[in-house]
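Notes for the structure review
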Amino acid sequence: MEFLQPGSLVEALAAKAASPDAVPIAGGTDVMVELNFARRRPLVLLDLTRVPELAGWSWQDGRLRVGAGVTYAELTGERDSVSDNGLGRLLPGLAMAARTVGSPQIRNRGTIGGNLGSASPAGDCHPSLLAAGAEVEVASARGTRVIPIDEFFTGVKRSAVAPDELITAVWISPPSGPEQFAKIGTRNAMVIAVAAFGLALHPGRRSVGTGIGSAAPTPVRAREAETFVAAALDEAGLWDSRNELPESVVTEFGALVSAASRPIDDVRGTAAYRRHSLAVLARRTLAWAWSDYRRTGQNGSAGGSVPVADEE
Ligand SMILES: Cc1cc2nc3c(=O)[nH]c(=O)nc-3n(C[C@H](O)[C@H](O)[C@H](O)COP(=O)(O)OP(=O)(O)OC[C@H]3O[C@@H](n4cnc5c(N)ncnc54)[C@H](O)[C@@H]3O)c2cc1C
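All figures in this text were calculated on a predicted structure; none of them were measured in a lab.

Rules behind the numbers
Residues numbered from 1 in each chain as written. Predicted model: local features only at pLDDT ≥ 70, side-chain atom pairs only at ≥ 80, totals over all residues. Heavy atoms only, no water. Helix = DSSP H or I, 4+ residues; strand = E, 2+ residues; numbered from the N terminus. Rg over C-alpha atoms; globule rule 2.2 N^0.38 Å. Buried < 20%, exposed > 50% of the residue type's maximum accessible area, 1.4 Å probe, protein only. Core = buried A, V, L, I, M, F, W, Y, C linked by side-chain atoms within 4.5 Å. Contact = heavy atoms within 4.5 Å. Salt bridge = Lys/Arg side-chain N within 4 Å of Asp/Glu carboxyl O. Phe/Tyr/Trp six-rings, centres within 6.5 Å; stacked < 30°, edge-to-face > 60°. Lys NZ or Arg CZ within 6 Å of the ring centre and 35° of its normal. Pairing = 2+ DSSP bridges. Axes fitted to C-alpha atoms, helices over the stretch in contact; angles between N-to-C directions. Near = heavy atom within 4 Å. Polar contact = N/O pair within 3.5 Å; in protein donor to acceptor, adjacent residues only side chain to side chain. Areas by Shrake-Rupley, 256 points an atom, 1.4 Å probe, with all protein chains shown as cover.

Below, the discussion takes up the overall build of the protein chain. Tallying secondary structure elements over the protein chain gives 12 helices and 13 strands in all. Taking 2.2 N^0.38 as the reference for a compact globule, 312 residues should give roughly 20 Å; the C-alpha atoms of the protein chain span a radius of gyration of 19 Å, in line with that estimate. For the protein chain, the spread of C-alpha atoms along the three principal axes comes to 60 × 45 × 35 Å. Put simply, the protein chain has 312 residues, and 54% of those count as buried.

Here is the structure:
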């Protein structure tokens, strides 16, 4: 096995162009499992950890550019405790999701680019990225392009990234309202989601974003639920009044999210349980986010949540 270690993005893209079958390795928390269990025997490994262009995050034109090599620890702000401006505060939905990933060791190694690279239906970044309306930047020796997140996942563990491309960054507009994420697993930590749900209130454009994880062949949005709740909020003037959400709206939202899923029975849970749990997660996250919106008046990022591990 050849091990390539480029020191710049140009070098990495040239290596990928020369060997499109080369397997990129970032944190290695998925790749090493596949190698150790002999599920994959690549001829070339392309180590991305020394490519400076993939590290860190920045503001650009009013949006956040999060490098593909940014780890979960950076997303949660665990590495930014002295700064008020850490990513954890700027992207609260993604930070909540990142906090539920693996263990401290996995959160220190695993990256957002690796999560997208694996494109698992259970990847924990994906529901929050869908809810936020993120875009994925990919590059090759041919140039750079940006893929809207809801066009990124093309099948089970498949994505729109071409063989000669690398994921370079994720672009996200800072949220104009509260975000939430909740995940159900068979235990409280070190667990692949049985079902997960990300939600973002976008008062700036009077819409609601959603993302379903682990309950369809790919991570998906619950589009009908989004349309329904945005219309309900608008018609009742709730964006301005910030009055309580009618229970009927919360219930119908949960039902529509559940209906948008296409789950299967597997070792982690049945399709019926996933459908039921998604309705619960959707109702809870909407209620939490709305309560944050009412309380904070602007951005509910201060209102955190914990993963939901129980069933109603
Ligand atoms: C014990 C354990 C617990 C885990 N818990 C969770 C969990 O709770 N939630 C969760 O979502 N995941 C979990 N995972 C899976 C894994 O940690 C995540 O998917 C992580 O984000 C992978 O990132 P990485 O940097 O380690 O990727 P790697 O393993 O380096 O790569 C993953 C895939 O992405 C590709 N890739 C990496 N970087 C790029 C790039 N820049 N461009 C193109 N392709 C790229 C690789 O070729 C590979 O196919 C867990 C894994 C382990 C071992």
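This brings us to the nonpolar core. Core analysis: the biggest nonpolar cluster contains 32 residues, and Phe197, Leu201, Phe253 and Val257 have the highest contact counts within it. For this core, the elements supplying multiple residues, two or more each, are strand E11 (179–184), strand E12 (195–202), strand E13 (207–213), helix H9 (223–235), helix H10 (238–241), helix H11 (247–260) and helix H12 (271–296). Element by element, the count of residues in this core is highest for H12, at seven residues. Counting 29 residues, the second largest nonpolar core, distinct from the first, contains Leu87, Leu90, Leu91 and Ile172.

Within the secondary structure layout, Asp47 lies in strand E3 (residues 44–47). Residues Asp47 and Gly123, 76 residues apart in the sequence, show an inter-C-alpha distance of 21 Å. The contacts of Asp47, once residues within four sequence positions are left out, are Phe3, Leu4, Gln5, Pro6 and Ile25.

Following the criterion strictly, the structure yields 16 salt bridges and no others. Close ionic contact of Arg206 with Asp234 constitutes a salt bridge, the shortest N to O distance being 3.9 Å. Of this pair, Arg206 sits in the loop between E12 and E13 while Asp234 sits in helix H9; the two residues are 28 residues apart in sequence, bridging distant segments of the chain. Among the residues examined, Arg206 registers a relative accessible area of 34% and is labelled partly exposed. Exposure remark for Asp234: the relative accessible area of 43% places this residue in the partly exposed category.

Turning our eyes to something else, we now look at the packing of aromatic side chains. If you walk through the whole model with that rule in mind, you get five aromatic pairs. Judged by centre distance (5.1 Å) and plane angle (85°), the rings of Phe152 and Phe153 are edge-to-face. For the residue pair Phe152 and Phe153, the accessibility class agrees, reading buried in each case. Centre to centre, the rings of Phe197 and Phe253 are 6.2 Å apart; their planes meet at 65°, and the pair counts as edge-to-face. Here Phe197 is found in strand E12, whereas its partner Phe253 is found in helix H11, with 56 residues between them in sequence. One exposure class covers both Phe197 and Phe253, and it is buried. Taken together through their ring pairs, the aromatic side chains of Trp239, Trp290 and Tyr293 make up a single cluster. Across from the ring centre of Tyr293, 4.0 Å away, lies the NZ or CZ of Arg242, which sits over that ring.

An order of E1-E3-E2 is seen for the three strands of this open sheet, with the pairing classed as parallel. Every interior strand has two partners, whereas the edge strands, strand E1 (2–4) and strand E2 (23–25), have only one. Here the average twist between neighbouring strands, direction ignored, is 25°. Where E1 meets E3, three bridges bridge the pair, whose relative direction is parallel. What sits directly across from Leu4, in E3, is Leu46.

Looking at the ligand, there are 32 residues lining it, with Pro24, Thr29, Asp30, Tyr72 and Thr111 nearest. Thr111 places a side-chain nitrogen or oxygen 2.6 Å from an oxygen atom of the ligand. In this structure, Asp124 approaches the ligand through a side-chain N or O atom, which is 2.7 Å from a nitrogen atom. In isolation the ligand exposes 990 Å². Once the protein is present, 87% of that is buried.

Here we take up the sheet that holds strand E7 (residues 143–148). A sheet is described by the order of its strands in space; here five strands give the open sequence E4-E5-E10-E6-E7, paired in antiparallel fashion. At either margin of the open sheet sits one strand with a lone partner, and together these are strand E4 (57–60) and E7. Taken pair by pair, the neighbouring strands of this sheet meet at an average axis angle of 25°, ignoring direction. Here four bridges tie strand E5 (residues 63–67) to strand E10 (residues 166–172), and the two strands are oriented antiparallel to one another. Note that in E10 the partner of Val66 across the bridge is Val170. Here helix H1 (residues 9–18) sits on the sheet and contacts strand E6 (135–140) and E10; the angle it forms with E10, its principal contact strand, is near 125°.

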